[in-house]
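Structure assessment
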Amino acid sequence: MNVNSKRIRIYTALMLLFAASAVSLRTVACLRDLIYEHGYYDSKVLITASAYVVFGGCILLFSYIFLAERMSPQTNFSSPKTYAPTGVAGIGLLFIAIYLFKSGSNGENNTVRYVTSITALFALISIVHFFLNAFISESRTELRGYFSLATVVFLALYAAYLYFNSKLPLNAPNKLIDQLAFLSSALFFLYESRISLGREKWRCYVTFGLIASFLTAYSSIPALITYFVKGRIISNSIEESVLTATLFFFITSRLFLTASISERGKSSAALAMHAYAERREAAVLESMQVHKEAFSKQMTIDDLLPTVPEDSKDDLSNETADETET
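Attention here is on the structure that accompanies the text. Computed from a predicted structure; not experimentally measured.

The rules we used
Residues numbered from 1 in each chain as written. Predicted model: local features only at pLDDT ≥ 70, side-chain atom pairs only at ≥ 80, totals over all residues. Heavy atoms only, no water. Helix = DSSP H or I, 4+ residues; strand = E, 2+ residues; numbered from the N terminus. Buried < 20%, exposed > 50% of the residue type's maximum accessible area, 1.4 Å probe, protein only. Contact = heavy atoms within 4.5 Å. Areas by Shrake-Rupley, 256 points an atom, 1.4 Å probe, with all protein chains shown as cover. Core = buried A, V, L, I, M, F, W, Y, C linked by side-chain atoms within 4.5 Å. Patch = residues over 30% accessible without salt bridge, like charges linked within 9 Å, V, L, I, M, F, W, Y side chains within 5 Å. Salt bridge = Lys/Arg side-chain N within 4 Å of Asp/Glu carboxyl O. Expected span 1.5 Å × (residues − 1). Phe/Tyr/Trp six-rings, centres within 6.5 Å; stacked < 30°, edge-to-face > 60°. Lys NZ or Arg CZ within 6 Å of the ring centre and 35° of its normal.

In terms of helices and strands, the protein chain carries 12 helices and 2 strands. Secondary structure elements of the protein chain, listed N to C terminal, follow the sequence α-β-β-α-α-α-α-α-α-α-α-α-α-α. Scored against the burial criterion, the 326 residues of the protein chain give a buried share of 43%. For the protein chain, restricting intrachain contacts to residue pairs at least 6 apart in sequence, the fraction spanning at least 24 positions comes to 79%. As presented, the protein chain carries roughly 17800 Å² of accessible surface, and 64% of it is formed by carbon and sulfur atoms.

Here it is in structure tokens:
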């Protein structure tokens, strides 16, 4: 556990809640209102409502960067929580690389063909990055860090590929959503690469991870549901939707992993002992305060002498007077 574990869990839960709301609204809009031939919506009520949810959710998630405390957790790339998401993301990259190589030769113009071919090449290099994620257990290694930059370049290039691709109109809502999903993922993997290079910025890492996870879910899940329910592809390709879904799975698992790792140099047992020591110290201080209040009244010499009854005092006075007269 680390100092931000509770905050990360709360923000991740909020992200999933906002994502569920926005995904539900967009899914219904895609199934009911979307004109598949043109990529626009016949009724804009649901898709506009989902856009407001996305905007408000992103603003809320971005607030994490101001509320989080500075931390230095001990990253662990050998965790079982790494293997499954890494393998799934690698498979998604393989599918999109094959698709891009096939579509690159059929591009409408030279610009699209060049961008498609370069993007496909970086998709293959990105597969190496995810392989190194699972193969190298050290938290800091330049080899994995440099290959992870290839993933950043691939995601940025794919957003550019979507921009130049005329399969959907330039300002079609679905196209813009997919571009935002890939650009936000590129920012997340930029800070992922900094971990391997020993230049971590954890507040930015978690913040852009929350936003990227939100947008990739919003992009991929309605597209996959629409494909399986109506057989319609609302993104550039079904391979793209599968890749975006694998990115959502990977980034979300990274957020849960970040919330569970401990501070550097402190084991879970040490943290537990530290917490016990703090509780014990608080109990001792409370006990001392109670005793201090109980004995705060100052004692006089009269309090130490035995108390003489009033009758005895009168007898003693009479005896003293008789002796004086004698």
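Before going further, it helps to examine the nonpolar core. Ranked by size, the top nonpolar core spans 66 residues in total, and within it I96 and F154 carry the most contacts. No other element matches the 13 residues that helix α8 (residues 202-230) contributes to this core. Excluding anything up to four places from it in sequence, F154 contacts L93, I96, L100, T119, F122, A123, S126 and L243.

On the surface, a cluster of nonpolar side chains totalling about 520 Å² of accessible area is made up of I91, L94, F95, I98, F101 and L124. Ranked by residue count, the leading element in the nonpolar patch is helix α4 (residues 80-104), at 5 residues. Overall, I98 belongs to the partly exposed group, its relative accessible area being 41%.

Further remarks concern helix α6 (residues 142-164). For α6, built from 23 residues, the straight-helix expectation of 33 Å at 1.5 Å per residue is met to within 8% by its first-to-last C-alpha distance of 33 Å. Listing the buried residues of α6 in full gives R144, G145, S148, A150, T151, V152, F154, L155, Y158, A159, Y161 and L162.

So, about the environment of T119. Relative to the assigned elements, T119 resides in helix α5 (residues 110-135). When the C-alpha atoms of T119 and A159 are compared, they prove to be 9.7 Å apart, with 40 residues separating the residues in sequence.

The next thing to look at is the packing of aromatic side chains. Applying the stated criterion to the full structure yields 16 aromatic pairs. A ring pair is formed by F130 and F189, whose centres lie 5.8 Å apart and whose planes are at 75°; its orientation type is edge-to-face. Of the two residues, F130 sits in helix α5 while F189 sits in helix α7 (residues 173-196), which places them 59 residues apart along the sequence. A ring pair is formed by W202 and Y205, whose centres lie 5.4 Å apart and whose planes are at 80°; its orientation type is edge-to-face. Of the two residues, W202 and Y205 both sit in helix α8, 3 residues apart, roughly one turn of that helix. Taken together, the ring pairs in this structure connect F130, F188, F189, W202, Y205 and F250 into an aromatic cluster. The ring centre of Y218 lies 5.4 Å from the NZ or CZ of R26, which sits over that ring.

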